[in-house]
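Fold and geometry: a report
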Amino acid sequence: MWIPATQASQLPVPLLDLKAQYEPLREKILEAVTRVCDSQRFILGPETQALEAELAATLGVTDAIGVSSGTDALLVALMALGIGPGDEVITPTYSFFATAGCVARLGARPVLVDIDPVTYNIDPAGVERALTPKTRAIMPVHLYGHCADMDALLRIAGGAGVPVIEDACQSIGATWHGRQAGAMGTAGCFSFFPSKNLGAFGDGGLVTTQDAALGAEIRLLRGHGAQRRYYHDRIGGNFRLDELQAAVLRVKAPHLPEWTAARRRNADQYRALFAAHGLSQVVLPVELAGAFHIYNQFVIRLPQRDAVKDYLQARGIGCEVYYPVPFHLQQCFQDLGYTPGAFPHSERAAAESLALPIYGELTEAQQGHVVSTIASFYEAARA
Ligand SMILES: *Cc1c(COP(=O)(O)O)cnc(C)c1O
């Protein structure tokens, strides 16, 4: 596992290496793309239909609707539930922007809640406190690949009589006490952005539901609210998934379990490496009992985060801060009226967390290099 420093320093470690995943699938993907090109059917054709059926089966839902992105998955799910001005939707303050952005775009108010510092996911007790008569939905995020506490959230939502929309954009294949991310709430939203565990060759997304009426409404809204062409029952949008993306995703989707297994192996390998280096000041991600983490990101917390990040990047090691600014401190949400200090766990996570490379094709040598470089930072700092 250990390689001489001189050799290791030659190794570049990108945060993500999509070429390594593409290479063995190249032929099959090009075949699928050619099939679509030859058919000249680019919008809502047999590839999208087949992908929807295949993913509904693997995700354990009755309906899966291909859409244009993870952002549009969230947007169209909220639209289908009739959320708009005067409504409140509870979301964590610490996530990718789209989670709260979609709520605000519909004229509704994102009501922000702090995270549980262990899993980085929305704190159910905070959700309970944030409920008001105007609450129309609870939108937890299964951040980094680990599910939020869905038992508590479904209980709270059930008590309040509001739907749960799962932002599962980072968590395809993750489970919580045997149930799949995106199959527990009223609707589940997925992203096929290239950096997600199942990535398209561009943008794409999916909404899942077990509610036939809601599924039908989402399909209607996906195509400008028209059942019959040019006759519009609703004001929807163009939220369609392309046939080319669907064809690529159909080749990739069957490999997801093995890619997830590789990410989980790499997570174990990091744990062993951090332990071997005695880096006790580094807090590693946690997989709660009953949870199955899919490690879309491997996020650690560490002292002098920004200095470590610069140190790694200067040595060709990819790493990134997800997310440096929680929603309540974003410029565009100043009118929500939150102040610094309002959500201390999220603010701390924003200041201390760093994502390391975790993609399946990462080698042991590369991981060894990442961890020994972090160790050398702290040694140099001590000296
Ligand atoms: C990626 C992501 C989205 C948005 O997905 P896009 O496909 O990029 O629009 C939404 N929420 C979370 C938590 C995400 O990670």
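This structure is a prediction, so every number in the text was calculated from the model and none was measured. (Residues numbered from 1 in each chain as written. Predicted model: local features only at pLDDT ≥ 70, side-chain atom pairs only at ≥ 80, totals over all residues. Heavy atoms only, no water.)

**Quick notes on the overall build of the chain**
Across its full length, the chain holds 14 helices and 14 strands. A compact globule built from 383 residues should have a C-alpha radius of gyration of about 21 Å, and the chain, at 21 Å, falls within 12% of that. Along the three orthogonal principal directions, the C-alpha set of the chain runs to about 70 × 55 × 35 Å. Counting the 383 residues in the chain, one finds 54% classified as buried. (Helix = DSSP H or I, 4+ residues; strand = E, 2+ residues; numbered from the N terminus. Rg over C-alpha atoms; globule rule 2.2 N^0.38 Å. Buried < 20%, exposed > 50% of the residue type's maximum accessible area, 1.4 Å probe, protein only.)

**Observations concerning the environment of Pro285**
Relative to the elements of secondary structure, Pro285 occurs in the loop between helix H11 (256-276) and strand S12 (291-292). Spatially, the C-alpha atoms of Pro285 and Ala267 are 8.7 Å apart, while their sequence positions differ by 18 residues. What Pro285 contacts, discounting residues up to four positions off in sequence, is Arg271, Tyr295, Phe298, Val299 and Ile300. (Contact = heavy atoms within 4.5 Å.)

**Observations concerning the sheet that holds strand S4 (residues 135-138)**
Spatially, S3-S2-S4 is the arrangement adopted by the 3 strands of the open sheet, whose pairing is parallel. Lying at the two open borders of the sheet, with one neighbouring strand each, are strand S3 (109-113) and S4. Neighbour to neighbour, the strand axes of the sheet diverge by 35° on average, direction disregarded. One ladder, built from 5 bridges, connects strand S2 (residues 88-92) with S3; its direction is parallel. Counterpart to Glu88 in the pairing with S3 is Arg109. (Pairing = 2+ DSSP bridges. Axes fitted to C-alpha atoms, helices over the stretch in contact; angles between N-to-C directions.)

**Describing the pattern of salt bridges**
If you walk through the whole model with that rule in mind, you get 13 salt bridges. The partner of Glu47 in a salt bridge is Arg35, with the nearest N and O atoms 2.8 Å apart. With a gap of 12 residues between them, Glu47 in helix H4 (residues 46-59) and Arg35 in helix H3 (residues 26-39) connect regions that are remote in the sequence. The partner of Arg250 in a salt bridge is Glu47, and the shortest N-O contact between them spans 3.0 Å. (Salt bridge = Lys/Arg side-chain N within 4 Å of Asp/Glu carboxyl O.)

**Re the sheet that holds strand S8 (residues 187-191)**
Spatial ordering of the open sheet is given by S1-S9-S8-S5, a layout of 4 strands whose pairing is mixed. Looking along the sheet, the strands with just one partner apiece sit at the ends: strand S1 (63-67) and strand S5 (165-167). Averaged over neighbouring strand pairs, the angle between their axes works out to 20° when direction is ignored. Bridge count for S5 against S8 is 3 bridges, and the pairing is parallel. Residue pairing in the sheet places Ile165 in a bridge with Ala187 of S8. Helix H5 (residues 70-80) contacts S1, S5, S8 and strand S9 (205-209) of the sheet and is inclined by roughly 160° relative to S8.

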